[in-house]
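# Observations on the model geometry
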Amino acid sequence: MKLLTLASLLVFTITAQAKTVSIMSYNVQNLFDTQHDDGKEDYTYLPLKVKEASAEIQAYCKSLAKESWQKSCLFTDWNEDVLKQKILNLSKVIKKHKCGKGADVLVLQEVENKRVLEQLVEIGLKGKGYKYISLIEGPDSRGIDVGVISKYPIVSEELHTVDLEGIAKSTRGILQVDIKVNNKIITIFGNHWPSQHNPPMARFEAAKTLKAAASKVKSNIVIATGDFNTLENELPNGIKEVIMPDFYDAEIEAFKRWKRLFAGTHWFAGNWSSLDKMFVLRNMDNAKVKFRSFKIQAKRFQLGPKKWTDRDTGTVTHYTGVPQSFSDRSKVGYSDHLPIIIKIKL
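Source: prediction; values computed, not measured.

With that settled, the discussion passes to the overall build of the protein chain. Tallying secondary structure elements over the protein chain gives 9 helices and 16 strands in all. What you see for the protein chain is a C-alpha radius of gyration of 21 Å, in line with the 20 Å of a compact globule of 346 residues. Taking the principal axes of the C-alpha coordinates as reference, the protein chain spans close to 80 × 45 × 40 Å. Counting every position in the protein chain, which comprises 346 residues, the buried fraction comes to 50%. The long-range fraction of contacts in the protein chain, counting pairs at least 24 apart against all pairs at least 6 apart in sequence, stands at 71%. Accessible surface for the protein chain amounts to roughly 17,100 Å². Of this, 52% is attributable to carbon and sulfur atoms.

In structure tokens:
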């Protein structure tokens, strides 16, 4: 009987030491603060009174290629009240995971700087245990970057720039952070590949940059996540040709395990796609990825109606159940992307 008790205690101790870590990736769609960053074209996301008083900003806005971009730049009033509501709305989405606690690690895309991440933690996520923030400024002309917020220590950070010379203009890099949990290291690569306004070769180069960086990592587990902006049928295809031979796609692995998933992470012109991905480097022996835990978080409040006007024909179509972008006028909405989540056990 005593031996049974000791064995039970040993099993309990080993189990208690194991950590299940959840990771959320979320394109938060234009999380800017209200201040101008030198050298960045962040003029759309400034208070209206600042824009109206600046001939330089007025001239910049009027120089934009599309009329809709011009209007947004000239008339968006991105003031402190608007920013605070944007933060509160995003925080509502984040805190829906784990009954209000939020994921242990947040990988966020379309973030302007570390300052606005600090505001997100202080205003929207205070008391949830987020103590560590990483964001390294990259070359994107608008000033958007990838950031990481973690409840566990971030012990190193590095930005891998993507060489797009001759292909497209420079844009955000790939953020690598090492996070220490239970004396083990999780390496996370935060991605926001060039948008669909750029040729597929730009995303192919991003894939090569990610693969090269991941090949040098010696940690216990490697996760590459973020907004990869890659369509299923595009050629060349950086995900299929460069990433998949070395990584598991968590969405595919979840399907293999009979996991039912939402239609996609992003909606455009009546079509769903999974632009947002979780990839796990193969041959990682010291951690267990719970692929069946992978999910696309699509709560009812995140979704709503959308009126879509075909640019070629002018036909207007009304849709429902579409991710709701944030409006600076109504202060309603969140992002045009849905977050993805996975759990790993160390």
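This part covers the sheet that holds strand 7 (residues 184-192). Sheet architecture is open: 6 strands sit in the order 5-6-7-8-12-9, paired in mixed fashion. Every other strand in the sheet has two partners, leaving strand 5 (154-160) and strand 9 (247-249) as the edge strands with one partner each. The average undirected angle you get between the axes of adjacent strands in this sheet is 20°. Looking at chain direction, strand 6 (residues 174-181) and strand 7 are connected through 7 bridges and run antiparallel. Across the sheet, Asp-178 pairs through a bridge with Thr-187, a residue of strand 7. Where helix 7 (residues 200-214) meets the sheet, it contacts strand 5, strand 6, strand 7, strand 8 (221-227), strand 9 and strand 12 (276-281), and its direction lies at approximately 170° from that of strand 7.

This part takes up unusual backbone geometry. With omega at -10°, the peptide bond leading from Leu-235 into Pro-236 counts as cis. Tracing the backbone shows Pro-236 in the loop between strand 8 and helix 8 (238-243). Look at Asn-183: it is not a glycine, yet its phi comes out positive at around 60°. A relative accessible area of 67% means that Asn-183 is categorised as exposed. Non-glycine residue Trp-258 carries a positive phi angle of around 60°.

It is worth spelling out the sheet that holds strand 13 (residues 288-296) at this point. In space, the 6 strands of this open sheet follow the order 3-4-2-1-16-13, with mixed pairing throughout. Bordering the open sheet on either side are strand 3 (132-135) and strand 13, each of which pairs with just one other strand. Strand after strand, the sheet turns through a mean of 20° between neighbouring axes, direction not considered. In this structure, strand 1 (residues 20-31) lies alongside strand 2 (residues 105-111), joined through 6 bridges in parallel fashion. Each bridged residue has a counterpart across the sheet, and for Tyr-26 the counterpart in strand 2 is Leu-108.

Here we take up the packing of aromatic side chains. Pairs of aromatic rings are described using the distance from one ring centre to the other and the angle between the two planes. In total, this model carries 13 aromatic pairs according to the counting rule given. When the ring of Trp-193 is compared with that of Phe-228, the centres are 4.7 Å apart and the planes differ by 75°; the resulting orientation is edge-to-face. Of this pair, Trp-193 sits in the loop between strand 7 and helix 7 while Phe-228 sits in the loop between strand 8 and helix 8, placing them 35 residues apart in sequence. Accessibility classification places Trp-193 together with Phe-228 in one group, the buried group. Ring geometry for Phe-247 and Phe-279: centres 6.4 Å apart, planes at 70°, overall edge-to-face. Linking Phe-247 in strand 9 with Phe-279 in strand 12, this pair joins segments that are 32 residues apart in sequence. For Lys-92, the ring lying beneath its charged end belongs to Phe-301, and the centroid distance is 4.3 Å.

This paragraph deals with helix 6 (residues 114-124). Three or more residues of helix 6 are buried, namely Val-116, Leu-117, Leu-120, Val-121 and Gly-124. Seen end-on, helix 6 carries its buried residues on one side only, within an arc spanning 145°. Buried residues along helix 6 sit in contact with strand 1, helix 5 (80-95), strand 2, strand 3 and strand 4 (145-150).

What counts and how
- Residues numbered from 1 in each chain as written.
- Predicted model: local features only at pLDDT ≥ 70, side-chain atom pairs only at ≥ 80, totals over all residues.
- Heavy atoms only, no water.
- Helix = DSSP H or I, 4+ residues; strand = E, 2+ residues; numbered from the N terminus.
- Rg over C-alpha atoms; globule rule 2.2 N^0.38 Å.
- Buried < 20%, exposed > 50% of the residue type's maximum accessible area, 1.4 Å probe, protein only.
- Contact = heavy atoms within 4.5 Å.
- Areas by Shrake-Rupley, 256 points an atom, 1.4 Å probe, with all protein chains shown as cover.
- Pairing = 2+ DSSP bridges.
- Axes fitted to C-alpha atoms, helices over the stretch in contact; angles between N-to-C directions.
- Phe/Tyr/Trp six-rings, centres within 6.5 Å; stacked < 30°, edge-to-face > 60°.
- Lys NZ or Arg CZ within 6 Å of the ring centre and 35° of its normal.
- Arc of directions from axis to C-beta.

Everything listed here is a matter of coordinates, which is why it stays silent on function.
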